[in-house]
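Below, each chain spelled out in residue letters.
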Amino acid sequence: MNIPRITAVRLGGSPALPLLVLGPSLGTSAQSLWARCAAGLTDRFEVLAWDLPGHGSNTGSAEPFTMAELAAGVLGMVDDILAQRDTFASTFTYAGDSVGGAVGLQLLLDAPARIDSAVLISTGARIGEPDVWRRRAASVRASGTPSMIEGSAQRWFAPGFLEREPEIGAALLHALQDADDEGYALVCEALADFDVRERLGEIRPRVLAAAGLLDVPTPPADLAAIASGVRNGRLVVLDGVAHLPPAEQPSEVAQLIRDHANAGQAVAAPTTVAGVRDAGMAVRREVLGDAHVDRAAAAITDLTADFQEFITQYAWGSVWTRPGLDRRSRSLITLTALVARGHHEELAMHVRAARTNGLTNDEIKELLLQTAIYCGVPDANAAYRIAQRVLDELDHPAY
């Protein structure tokens, strides 16, 4: 084995806090990609990023390595840091973009007991085609990493980002220009051989797959495949973002990481009626959307006011807030119940909510097929018609 040396980059936070490890995209440095996002996380975590061989503060590797060996190098770096804290082999939260996300998948397969949860961003169980990566490696060896700048600027950023954030874009492109040619090429070759699509079902820790809506190298479908393939996955699609969400939307990505990490922790239930109601309203808005809740609130009358309060407090505040099931699971259960009882208006609303909660169209299709067996073909037939209409509206807004 050739386990490459991995360089740790400390981005802040007290060593007394839980550890968060951040992985980079090819051609970037930990500092240029993650610094702004990490600033929104240091009150919750000790934030530790890492640089790829030949990138940022890492001097590189002269020998080829696989993705599994790269992941082993990252885990070795983490263990060195944990040893300094006298917390040997403890668990940590992981987040990574692109190849950093691929390393996250490899860690989830090779060291699942070490990962509390993972946020995998703009990545895939296989990224691109092997021959494309091998040609890029040969091109960089011949012409150097500066030859990658024009193409990377087009792939990395959503339209208009470089004009809005010229300093951030320049820092990232300078990191690419400064990357070692051989180190970059070796990462390309590791990506050429990386394919864990058939192993996603082995992954048990909680995974949030975050896609940029405008990402071409790793489109939302690649992240949806991860979310649906692992045992406990969820998909989020970020609007107006391409391949580097931690740089393009640092606050939003920081919040995703915080929320995903917090979702795995037991949270004390509110102790007052007002607290339960407020918690319920927060979840109701997150699941159904502000527009829907605002319409419902505007339509409240003297007759319906108590009923709306009841729904918010008991359904959303006392059940949907419980930690025993994640929101994907609750959406699956809710859809099944609505099909069984023929509640078509609520079914349409909860198909939309299911998408918000990370269910894919294929998962909704499978659920409806299951209801045809256990609820009845006529009920499923009506449900398919409703779901098709809602999904068409979501996927094709001008449909």
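Residues numbered from 1 in each chain as written. Predicted model: local features only at pLDDT ≥ 70, side-chain atom pairs only at ≥ 80, totals over all residues. Heavy atoms only, no water.

**Student:** Help me understand the overall build of the protein in this model?
**Tutor:** Looking only at helices and strands, the protein has 18 helices and seven strands in total. For 399 residues, the compact-globule estimate of 2.2 N^0.38 gives 21 Å, and the C-alpha radius of gyration of the protein, at 23 Å, lies within 12% of that figure. Along the three orthogonal principal directions, the C-alpha set of the protein runs to about 70 × 45 × 40 Å. By the burial criterion, 49% of the 399 residues in the protein qualify as buried. Taking the intrachain contacts of the protein between residues at least 6 apart in sequence as the baseline, contacts between residues at least 24 apart amount to 78%. As displayed, the protein offers around 18,200 Å² of accessible surface, 54% of which is attributable to carbon and sulfur atoms. Distance between charge centroids for the protein: 5 Å, based on 34 positive and 49 negative side chains. (Helix = DSSP H or I, 4+ residues; strand = E, 2+ residues; numbered from the N terminus. Rg over C-alpha atoms; globule rule 2.2 N^0.38 Å. Buried < 20%, exposed > 50% of the residue type's maximum accessible area, 1.4 Å probe, protein only. Contact = heavy atoms within 4.5 Å. Areas by Shrake-Rupley, 256 points an atom, 1.4 Å probe, with all protein chains shown as cover. Lys, Arg positive; Asp, Glu negative; His and termini not counted. Charge placed at Lys NZ, Arg CZ, Asp CG, Glu CD.)

**Student:** Can you walk me through unusual backbone geometry in this structure?
**Tutor:** Leaving glycine aside, a negative phi is the common case for residues, and trans is the common case for peptide bonds. The residue Ser98 is not glycine, and still its phi comes out positive at about 60°. Counting through the fold element by element, Ser98 comes out in the loop between β4 (92-97) and α3 (99-110). Notably, Ser122 is not glycine yet its phi reads approximately 45°, a positive angle. Of note, Ser122 is situated in the loop between β5 (115-121) and α4 (130-143). Assessed through its relative accessible area of 0%, Ser122 is described here as buried.

**Student:** Whenever I open this one, helix α2 (residues 67-84) confuses me. Can you help?
**Tutor:** Because the α-helix completes a turn every 3.6 residues, residues three or four places apart line up on one side. The terminal C-alpha atoms of α2 lie 26 Å apart, and with 18 residues this matches the ideal 26 Å at 1.5 Å per residue to within 8%. The set of residues buried in α2 consists of Met67, Glu69, Leu70, Ala71, Gly73, Val74, Leu75, Met77, Val78, Ile81 and Leu82. Buried residues in α2 make contact with β1 (7-12), β2 (19-23), β3 (46-51), β4, α3 and α8 (181-192). Asp86, located one to two residues past α2, shows a positive phi value of around 60°. (Expected span 1.5 Å × (residues − 1).)

**Student:** When you look at the pattern of salt bridges in this model, what are you seeing that I'm missing?
**Tutor:** A side chain of one charge can pair with a side chain of the opposite charge if their charged atoms are brought near each other. Under the defined criterion, the tally for this structure stands at 18 salt bridges. Arg141 serves as the salt-bridge partner of Glu189, at 2.8 Å between the closest nitrogen and oxygen. A residue pair is termed long-range when its members are at least 10 positions apart, and Glu189 in helix α8 and Arg141 in helix α4 qualify at 48 residues. The exposure class of Glu189 is partly exposed, given its relative accessible area of 26%. Judged by relative accessible area, which is 36%, Arg141 ranks as partly exposed. For the salt bridge of Arg277 with Glu309, the shortest nitrogen-to-oxygen distance reads 3.5 Å. With Arg277 in helix α12 (residues 273-288) and Glu309 in helix α14 (residues 305-319), this residue pair connects regions lying 32 residues apart in the sequence. (Salt bridge = Lys/Arg side-chain N within 4 Å of Asp/Glu carboxyl O.)

**Student:** I tried to follow the nonpolar core on my own but got confused; where do I start?
**Tutor:** Grouped burial of nonpolar side chains is what soluble globular proteins tend to show. In this structure, Leu22, Trp34, Trp50, Met67, Val103, Leu105 and Ile257 are the most contacted members of the largest nonpolar core, which totals 93 residues. The element that contributes the greatest number of residues to this core is α2, accounting for nine residues. Setting aside chain neighbours within four positions, we find Leu22 in contact with Leu11, Trp34, Ala38, Val47, Leu48, Ala49, Trp50, Ala95 and Ile257. Ranked by size, the runner-up nonpolar core spans 16 residues in total, among them Ala348, Ala354, Ile386 and Val390. (Core = buried A, V, L, I, M, F, W, Y, C linked by side-chain atoms within 4.5 Å.)

**Student:** Please explain the sheet that holds β2 as it appears in this structure.
**Tutor:** The pairing of strands in a sheet happens through backbone hydrogen bonds and is either parallel or antiparallel. As summarised here, the arrangement of the seven strands in space is β1-β3-β2-β4-β5-β6-β7, forming an open sheet in which the pairing is mixed. Edge positions in the sheet fall to β1 and β7 (233-238), since each has one partner strand and no second. Averaged over all pairs of adjacent strands, the angle between their axes in this sheet comes to 20°, without regard to strand direction. Sheet topology places β2 next to β4; four bridges connect them, and they run parallel. (Pairing = 2+ DSSP bridges. Axes fitted to C-alpha atoms, helices over the stretch in contact; angles between N-to-C directions.)

**Student:** Would you explain the pairing of β5 in this entry?
**Tutor:** Consecutive side chains along a regular strand alternate between the two faces of the sheet. Along β5, six of the seven residues are buried, which leaves the element largely enclosed by surrounding structure. Both β4 and β5 contribute to a ladder of five bridges, which runs parallel. Bridged to Phe92 within β5 is Ile115. Alignment of β5 against strand β6 (residues 206-212), held across five bridges, turns out to be parallel. Within the sheet, the bridge partner assigned to Leu120 lies in β6 and is Ala209.

**Student:** It is not clear to me how the confidence of the model for the protein should be interpreted in this structure. Could you clarify?
**Tutor:** The predicted coordinates of low-pLDDT regions are not to be read in fine detail. Of all residues in the protein, 96% attain a pLDDT of 70 or more, and the chain-wide mean is 92. Looking over the protein, one finds the lowest element-wise mean pLDDT in α12, namely 85, and the highest in α3, namely 98. (pLDDT = per-residue confidence, 0-100.)

**Student:** I tried to follow the pairing of β2 on my own but got confused; where do I start?
**Tutor:** Counting buried positions over the five residues of β2 gives five, a clear majority of the element. Taking every second residue as pointing to the same face, both faces of β2 are buried, with Leu19, Val21 and Gly23 on one and Leu20 and Leu22 on the other. You can see the chain leave β2, run along helix α1 (residues 30-38) and come back into β3, and the turn it takes is right-handed. (Right-handed = clockwise from strand over helix to strand, strands pointing away.)

**Student:** I would appreciate a short explanation of a nonpolar patch on the surface in the present structure.
**Tutor:** A cluster of nonpolar side chains, namely Leu213, Leu214 and Val237, defines an oily patch on the protein surface of about 240 Å² accessible area. Note that Leu214 resides in the loop between β6 and α9 (220-229). (Patch = residues over 30% accessible without salt bridge, like charges linked within 9 Å, V, L, I, M, F, W, Y side chains within 5 Å.)

**Student:** Hey, could you run me through the environment of Leu173 in this one?
**Tutor:** By the secondary structure assignment, Leu173 is in helix α7 (residues 166-178). In contact with Leu173, other than residues within four places in its own chain, are Ile149, Ala153, Trp156 and Phe157.

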